[in-house]
There are 2 protein chains.
Amino acid sequence: MSPPSKRVCILGSGNWGSTAARIVGANVAKLADFDDTVNFWVHEELVDGRKLTDIINAEHENVKYLPGHKLPDNVIAMPDATEAVKDATHIIIVIPHQFLQHLLETVHGKILPSARAISLIKGIGISDQGMTTMTQIIHRALAIPVSSLSGANIANEIAEEKYCETTIGCQDPDEAIVWRSLFNTPYFQVNCVADVIGVEFCGALKNVVAVGAGFIDGLGLGNNTKAAIIRIGFLEMRRLAMHIAGASIQESTFMESCGLADVITTCYGGRNRRLAEYFVRTGKPMPQLERELLNGQKLQGYLTAGEVYSYIDSCGITDHFPLLTNIYQICYENMPPHTIFAGLNVDFSRDTQVPSPAL
Amino acid sequence: MSPPSKRVCILGSGNWGSTAARIVGANVAKLADFDDTVNFWVHEELVDGRKLTDIINAEHENVKYLPGHKLPDNVIAMPDATEAVKDATHIIIVIPHQFLQHLLETVHGKILPSARAISLIKGIGISDQGMTTMTQIIHRALAIPVSSLSGANIANEIAEEKYCETTIGCQDPDEAIVWRSLFNTPYFQVNCVADVIGVEFCGALKNVVAVGAGFIDGLGLGNNTKAAIIRIGFLEMRRLAMHIAGASIQESTFMESCGLADVITTCYGGRNRRLAEYFVRTGKPMPQLERELLNGQKLQGYLTAGEVYSYIDSCGITDHFPLLTNIYQICYENMPPHTIFAGLNVDFSRDTQVPSPAL
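Residues numbered from 1 in each chain as written. Chains lettered and ligands numbered in written order. Predicted model: local features only at pLDDT ≥ 70, side-chain atom pairs only at ≥ 80, totals over all residues. Heavy atoms only, no water.

Undergrad: Give a detailed account of the overall build of chain A, specifying residues and quantitative values.
TA: Across its full length, chain A holds 14 helices and twelve strands. Against the 2.2 N^0.38 benchmark of 21 Å for 359 residues, chain A shows a C-alpha radius of gyration of 21 Å, consistent with a compact globule. Projected onto its principal axes, the C-alpha coordinates of chain A cover approximately 65 × 45 × 35 Å. Here chain A holds 359 residues, and the buried ones make up 60% of them. Nonlocal contacts in chain A, meaning residues at least 24 apart in sequence, comprise 71% of its contacts between residues at least 6 apart. Placing the 28 positive and 38 negative side-chain charges of chain A at their respective mean positions leaves the two points 3 Å apart. (Helix = DSSP H or I, 4+ residues; strand = E, 2+ residues; numbered from the N terminus. Rg over C-alpha atoms; globule rule 2.2 N^0.38 Å. Buried < 20%, exposed > 50% of the residue type's maximum accessible area, 1.4 Å probe, protein only. Contact = heavy atoms within 4.5 Å. Lys, Arg positive; Asp, Glu negative; His and termini not counted. Charge placed at Lys NZ, Arg CZ, Asp CG, Glu CD.)

Shown next, in the form of structure tokens:
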């Protein structure tokens, strides 16, 4: 038997990265063509005076970001990202998007030319020029194929091995099978689609809809109202995706876990919904809530709402996105929360009538 | 000015019928071509020794089925259905489906030949022979055009005037405008589609998915899991509808409030979800829970789950509907609730591969 030819590295050890390490660590141990060891890059920090990498390697638990859940013994924490990626054929990138650029500069030139990556990062950049996704940024920096993974995946519930689904976007069908073998478990069901960007787009845009859902909760409205906002938000997301990147996105991706299911999950759980609820109940501006409740971290849905509005406004197509426009105006222009309903009776059967982008 | 040529009758005065009466009563008062009076047929009963029709006409409140919400003064309760329909041009039928046949026999021959009806009844009959909807039953009995109305519409939330949407299925575009004018309000937004049966199908099938969602709650699982069940359930509903009646149903109807939004609402609120949760937590059989919690009334989702299974089993296509099959087996064949996840990883991109019905 030939020795295993493949090796996994996970870059990022937060809540979601540690959850991914549990799944992938258990899977590689059963895959003959993968080395058993998973290199797990951990941004070094001290926890009660001990190095976090030492704690993870001694106790097999990320006591800071995923307490209460053991990591497999074959997941080895390493403080040096260049060391971690050195021999990796499969690189899983799962860090907050604001740290991505620095990480890419660190590992640039240190990876195998034949390596490939998958991004578990939530986030997208939208400007007047169109959009930039995390896989695009990674691909430009490292010049390797990059896939995406996103779904209705609240990390703690997965760590508890509660059944859910996820979506992998991967252009190459053979590679998709390999990525699926790393992630699929009986409780974490992977569907693959050949639409890298569509998967990422869903993962970012759903946060804006969740802000809208949080406004509904803050207003004390009920299930009917929230379902209406989810439905309209989902259709506006899909309409926007097809408008920005219709040529490179498959509409069917929106019916996968990364689309429909993630919108629903995020509108009932998660911090975008929660902060938006506080925003309505307290009347405090969003940046103040970010300081008070997120240690100054930016709320993804709030950020993306601003970028989306700037894009649709510059294209002159805000009329086709009344909900996304209303959410923006409530977040940024002091419109009262109940104005979220203004002009929502738009006809979604005429999606093709949104003027095409000038770009 | 010519006198108003149109007149509304509402047949049914339960929770949903009384809510509809609030909306329609307020709207006709503003519509020049409608007589101000709304005939409101109330199945007579005594409440604290007084006739319910007398209470409604004196106090303008259905104290039994929609307490706490005033009805407009122009809604006139009548105990005799034949009297109520006599001059009506627009008949709104909103009674539990098990009473429909008797009501139709009562009013048969008593309505205007030029009248038209709309069904707000939830329910559908599925047998080996295909399906029969409420509008089909009404049309066969009365030989008038029949439309349908369904959506994410928990009645009490609408009575509280919390924003929501609904869908009217109406073949004739001019008639759709009239029905919309009767129901649309700033808090109750009506979209019209030319798909009477699709709207009804969604309203009935979503209850089976809600039973599945209730099992998830009973098992103590989380948001990810529930979102997965809602997504798969929604896709199996659509797949089944296209299989049974693809020629007469529009797939796009599933993205309307009657489809996507109603599935979500019903999976988070409503009694189908609730009884299914009890079913798992208590281990009691469903008929016992119906006796204990619904005064022996049948649970719609439980009933429909049985009919659906009988249909897909007779067609030999259960493999294409793993979730609907699992829900059936848990309800009727003592399979344990956690088996709901068995074989759910079906590929929904190949919907056309479900064998066509032999019928």
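Undergrad: I'd love a proper account of the pairing of strand β11 (residues 164-169) of chain A, names of residues and values included.
TA: Residue and element names in this part refer to chain A. β11 sits mainly inside the fold: six of its six residues count as buried. On β11, burial covers both faces: C164, T166 and I168 on one face and E165, T167 and G169 on the other are all buried. Two elements, strand β10 (residues 146-150) and β11, share three bridges in a ladder whose sense is antiparallel. By the bridge assignment for β11, L149 is matched with I168. With six bridges joining them, β11 and strand β12 (residues 188-193) adopt parallel strand pairing. From the neighbouring strand, I168 faces β12, where its bridge partner is C192. Remark: the β11/helix α7 (residues 173-183)/β12 crossover connection has right-handed handedness. (Pairing = 2+ DSSP bridges. Right-handed = clockwise from strand over helix to strand, strands pointing away.)

Undergrad: Describe the domain arrangement of chain A, listing the residues and the values that go with them.
TA: Residues and elements named next belong to chain A. By domain assignment, chain A separates into domain 1 (6-194) and domain 2 (198-353). Placing a centre on the C-alpha atoms of domain 1 and another on those of domain 2 gives a separation of 27 Å. Tallying the contact residues gives 29 residues for domain 1 and 27 residues for domain 2. By the criterion of area lost to domain 2, the three top residues of domain 1 are I124, I126 and M131, representing 27% of everything that side buries. Our enumeration of links across domain 1 and domain 2 arrives at one salt bridge. With a shortest N-O distance of 3.8 Å, D262 and K122 are connected by a salt bridge. Counting the contacts that link domain 1 with domain 2 gives ten residue pairs in polar contact (both at pLDDT 80 or more). Looking at the side of domain 1 that touches domain 2 element by element, the count peaks at five residues for β11. Here the residues of the side of domain 1 that touches domain 2 sort into ten nonpolar, 16 polar and three charged. (Domains from an automatic or database assignment. Buried area = accessible area lost by both parts, 1.4 Å probe. Salt bridge = Lys/Arg side-chain N within 4 Å of Asp/Glu carboxyl O. Polar contact = N/O pair within 3.5 Å; in protein donor to acceptor, adjacent residues only side chain to side chain. Nonpolar A, V, L, I, M, F, W, Y, C, P; charged D, E, K, R; others polar.)

Undergrad: Can you break down helix α13 (residues 300-314) of chain A residue by residue, with the values?
TA: Residues and elements named next belong to chain A. If you check α13, its first and last C-alpha atoms are 21 Å apart, about what 15 residues at 1.5 Å a residue would give, namely 21 Å. Within α13, the full set of buried residues consists of Q300, G301, Y302, T304, A305, G306, V308, Y309, Y311 and I312. Two residues or fewer past α13, G316 is found with a positive phi of approximately 70 degrees. (Expected span 1.5 Å × (residues − 1).)

Undergrad: Tell me what's going on with the sheet that holds strand β7 (residues 116-119) of chain A, and back it up with residues and numbers.
TA: Residue and element names in this part refer to chain A. On the basis of which strands lie adjacent, the open sheet formed by eight strands has the order β5-β2-β1-β6-β7-β10-β11-β12 and mixed pairing. A strand with exactly one partner marks an edge of an open sheet, and here the two such strands are β5 (75-78) and β12. Mean inter-strand twist for the sheet, computed between neighbouring axes without regard to direction, equals 25 degrees. Across five bridges, strand β1 (residues 6-11) lies against strand β2 (residues 34-41) in parallel orientation. Following the sheet pairing, I10 is matched in β2 by F40. (Axes fitted to C-alpha atoms, helices over the stretch in contact; angles between N-to-C directions.)

Undergrad: Report on the nonpolar core, specifying residues and quantitative values.
TA: Within soluble globular proteins, side chains that are nonpolar tend to cluster in buried spots. F201, F215 and L240 of chain A together with F201, F215 and L240 of chain B are the most contacted members of the largest nonpolar core, which totals 132 residues. Those residues in contact with F215 of chain A that sit more than four places away from it in its chain are A276, F279, V280, I327, I330, C331 and I340 of chain A. (Core = buried A, V, L, I, M, F, W, Y, C linked by side-chain atoms within 4.5 Å.)

Undergrad: Give me the relation of the copies chain B and chain A: which residues, what numbers.
TA: For the match of chain B to chain A, the screw axis carries a shift of 0.0 Å, the RMSD comes to 0.0 Å, and the turn is 180 degrees. Both chain copies can therefore be described as sitting about a two-fold axis. Rotation axis and chain B: the residue whose C-alpha lies nearest the axis is I264 of chain B, separated from it by 4.0 Å. Interface residue correspondence from chain B to chain A reaches 100%, placing this contact among same-surface, isologous pairings. (Least-squares fit on C-alpha atoms with pLDDT ≥ 70 in both.)

Undergrad: Let's hear about the sheet that holds strand β10 (residues 146-150) of chain B: which residues, and what values?
TA: One key point about sheets: their strands pair by backbone hydrogen bonds, in either a parallel or an antiparallel sense. All names here are of chain B. In spatial order, the strands read β5-β2-β1-β6-β7-β10-β11-β12; together these eight strands make up an open sheet with mixed pairing. Edge positions in the sheet fall to β5 (75-78) and β12 (188-193), since each of these pairs with one other strand and no more. Pairs of neighbouring strands in the sheet enclose a mean axial angle of 25 degrees, with direction left out of account. Here strand β7 (residues 116-119) pairs with β10 via three bridges, running parallel. The residue of β10 that forms the bridge with I118 is S147. Helix α5 (residues 134-142) contacts β6 (90-93), β7 and β10 of the sheet and is inclined by roughly 155 degrees relative to β10.

Undergrad: Can you break down the interface of chain B and chain A residue by residue, with the values?
TA: Counting residues at the interface gives 38 residues for chain B, matched by 38 residues for chain A. Between chain B and chain A, a total of about 3200 Å² is buried, with carbon and sulfur atoms accounting for 57% of that surface. At the junction of chain B with chain A, the criterion picks out four salt bridges. When the shortest N-O distance is used, the salt bridge between E256 of chain B and R231 of chain A registers 3.9 Å. Applying the counting rule to chain B against chain A returns twelve residue pairs in polar contact (both at pLDDT 80 or more). The set of elements that each furnish at least two residues to the side of chain B that touches chain A consists of α6 (155-159), β11 (164-169), β12, α9 (223-245) and α10 (257-268) of chain B.

Undergrad: Mind laying out the environment of A176 of chain A, listing which residues take part and the relevant values?
TA: Residue and element names in this part refer to chain A. Along the chain, the position of A176 falls in helix α7. The class for A176 is buried, based on a relative accessible area of 8%. Setting aside residues no more than four positions away along its own chain, A176 makes contact with C170 and C192.

Undergrad: An account of the confidence of the model for chain A is needed here, citing residue identities and associated values.
TA: Of all residues in chain A, 96% attain a pLDDT of 70 or more, and the chain-wide mean is 93. For this predicted complex, the interface score ipTM comes out at 0.93, alongside a pTM of 0.93. (pLDDT = per-residue confidence, 0-100.)

Undergrad: Could you give an account of the state of the cysteines, naming the residues involved and the relevant values?
TA: Residue and element names in this part refer to chain B. If you walk through the whole model with that rule in mind, you get zero disulfides over all chains. Looking at C9, it has no disulfide partner, and the nearest cysteine sulfur is the one in C170, 18 Å off. Judged by relative accessible area, which is 0%, C9 ranks as buried. Its sulfur unpaired, C267 is 13 Å from the next cysteine sulfur, which belongs to C202. (Disulfide = S-S within 2.5 Å.)

Undergrad: Quick one: what's the story with unusual backbone geometry, residue by residue and with numbers?
TA: Despite not being glycine, H60 of chain A shows a phi value in the positive range, around 55 degrees. Of note, H60 of chain A is situated in the loop between α2 (52-59) and β5. In this structure, A143 of chain B is a non-glycine residue whose phi angle is positive, near 55 degrees.

Undergrad: Explain the pattern of salt bridges to me, using residue names and the numbers behind them.
TA: Two side chains that carry opposite charge are able to pair once their charged atoms sit near each other. Residue and element names in this part refer to chain A. Applying the stated rule across the entire model yields 40 salt bridges over all chains. Among the salt bridges present, the one from R238 reaches E251, with a minimum N-O distance of 3.6 Å. Of this pair, R238 sits in helix α9 (residues 223-245) while E251 sits in the loop between α9 and α10 (257-268), placing them 13 residues apart in sequence. The class of R238 is buried, set by a relative accessible area of 13%.

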